[in-house]
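Chain residues, written in single-letter form:
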Amino acid sequence: MQHYGVEQLFNILYPLNFILAALAYKLGFAKKLPILKSIIVYILLAIGIFVLYILFYVWSVATGGSPLPLTESLVIICLVLGVYRARLHLQRKSKKTT
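In this report, we go over the structure that sits alongside the text.

The rules behind the values
Residues numbered from 1 in each chain as written. Predicted model: local features only at pLDDT ≥ 70, side-chain atom pairs only at ≥ 80, totals over all residues. Heavy atoms only, no water. Helix = DSSP H or I, 4+ residues; strand = E, 2+ residues; numbered from the N terminus. Rg over C-alpha atoms; globule rule 2.2 N^0.38 Å. Buried < 20%, exposed > 50% of the residue type's maximum accessible area, 1.4 Å probe, protein only. Contact = heavy atoms within 4.5 Å. Phe/Tyr/Trp six-rings, centres within 6.5 Å; stacked < 30°, edge-to-face > 60°.

1. Some details on the overall build of the chain
Then comes step 1: Within the chain, the regular secondary structure consists of three helices and zero strands.
Then comes step 2: N-terminal to C-terminal, the α/β element order of the chain is α-α-α.
Then comes step 3: By the compact-globule yardstick of 13 Å for 98 residues, the chain is too spread out, its C-alpha radius of gyration being 17 Å.
Then comes step 4: Reported as C-alpha extents along the three principal axes, the dimensions of the chain are approximately 60 × 30 × 20 Å.
Then comes step 5: Classification of the 98 residues of the chain by burial places 20% in the buried group.
Then comes step 6: Contacts in the chain between residues at least 24 apart in sequence constitute 67% of all its contacts with a sequence separation of at least 6.

Following this line, the structure appears as structure tokens:
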């Protein structure tokens, strides 16, 4: 944080966290929705990520430690859900051929 500054760090990490959260939503929870409902879901996701981002950094200031690993947690979530979806796809594909 000392090298880039808090403002620049927010400009980098917020879009990254939003993209990772949208990917996790799409991999694990998304259903086929009409376009307007999808837009509302992604707007609420953006607001939720902003609140989480603020809470994670407020927590680190309150405890005097480093920030909690929000981005790292989202990467792990995306990896686990990606592996799950890949295995589910392979299982369905093998079931269809038999």
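2. Thoughts on the packing of aromatic side chains
Then comes step 1: Tallied over the entire structure, the rule returns two aromatic pairs.
Then comes step 2: Ring centres of Tyr14 and Phe50 lie 6.2 Å apart, and the angle between their planes is 80°; this geometry places the pair in the edge-to-face category. One end of the pair, Tyr14, is in helix 1 (residues 6–28); the other, Phe50, is in helix 2 (residues 35–63), with 36 residues separating them in the sequence.
Then comes step 3: Arranged with centres 5.8 Å apart and planes meeting at 90°, the rings of Tyr25 and Tyr42 form a pair that is edge-to-face. Taken together, the positions of Tyr25 in helix 1 and Tyr42 in helix 2 put the pair 17 residues apart, joining distant regions of the chain.
Then comes step 4: By relative accessible area, which is 26% here, Tyr42 ends up partly exposed.

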